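Structural description and commentary
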Amino acid sequence: GDIVLLAKPVTLTEGDRVTLTTDVPVATDGTSKPEKLLYAVSLPPVHGQIEHINYPGVPISSYRQLDVVAQEVSDVHDNSHGAGKESLR
């Protein structure tokens, strides 16, 4: 079936970290197992990175919906100056 992804904007300033929760990205594909959905980061943030909370400082390129539900994925701003609005895909 179809995949639906709902996302809300998050604002980060220098040095901030935001833990992704189901309030930010949440997806469903119409099956009874949304925890098996896999997010692939094809365009990471320009001024930071996505990382697993158990491995701070190590960027990741994918994570599971189960990781989001468990609040184990963070978007981390890298302290670079002049960072405007950006997004990840």
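Residues numbered from 1 in each chain as written. Predicted model: local features only at pLDDT ≥ 70, side-chain atom pairs only at ≥ 80, totals over all residues. Heavy atoms only, no water.

Focus on the overall build of the protein chain
A tally of helices and strands in the protein chain yields 1 helix and 7 strands. Of the regular secondary structure in the protein chain, the N- to C-terminal order runs β-β-β-β-β-β-α-β. Burial status across the protein chain gives 29% buried among its 89 residues. Within the protein chain, contacts between residues at least 6 apart in sequence are counted, and of these 61% link residues at least 24 apart. (Helix = DSSP H or I, 4+ residues; strand = E, 2+ residues; numbered from the N terminus. Buried < 20%, exposed > 50% of the residue type's maximum accessible area, 1.4 Å probe, protein only. Contact = heavy atoms within 4.5 Å.)

Observations concerning the sheet that holds strand β7 (residues 73-77)
In space, the 3 strands of this open sheet follow the order β2-β7-β5, with antiparallel pairing throughout. Of all strands in the sheet, those with a lone pairing partner are β2 (17-19) and β5 (48-52), marking the two edges. For this sheet, the mean inter-axis angle between neighbouring strands, taken without regard to orientation, is 20°. When β5 meets β7, the two strands line up antiparallel, connected through 5 bridges. By the bridge assignment for β7, Gln49 is matched with Val76. (Pairing = 2+ DSSP bridges. Axes fitted to C-alpha atoms, helices over the stretch in contact; angles between N-to-C directions.)

As for the pattern of salt bridges
This model, assessed by the stated rule, comprises 1 salt bridge. Close ionic contact of Asp67 with Arg64 constitutes a salt bridge, the shortest N to O distance being 3.1 Å. Note on Asp67: relative accessible area 7%, which makes it buried. (Salt bridge = Lys/Arg side-chain N within 4 Å of Asp/Glu carboxyl O.)

Observations regarding unusual backbone geometry
Even without being glycine, Gln71 reaches a positive phi, approximately 55°. By the secondary structure assignment, Gln71 is in the loop between α1 (65-69) and β7. Since its relative accessible area comes to 45%, Gln71 is described here as partly exposed.

Some remarks on the environment of Val46
The topology assignment puts Val46 in the loop between β4 (38-40) and β5. A relative accessible area of 63% places Val46 in the exposed class. Separated by 32 residues in the primary sequence, Val46 and Asp78 have C-alpha atoms spaced 9.0 Å apart.

Details of the environment of Pro45
Examined against the element boundaries, Pro45 turns out to sit in the loop between β4 and β5. Each C-alpha atom of the pair Pro45 and Asp75 lies 8.3 Å from the other, and the pair is 30 residues apart in sequence.

Some thoughts on the confidence of the model for the protein chain
Overall, the prediction assigns the protein chain a mean pLDDT of 76, with 61% of residues at 70 or greater. Per-residue pLDDT, averaged within each element of the protein chain, yields its smallest value for strand β1 (residues 4-7) (58) and its largest for strand β6 (residues 62-64) (90). (pLDDT = per-residue confidence, 0-100.)

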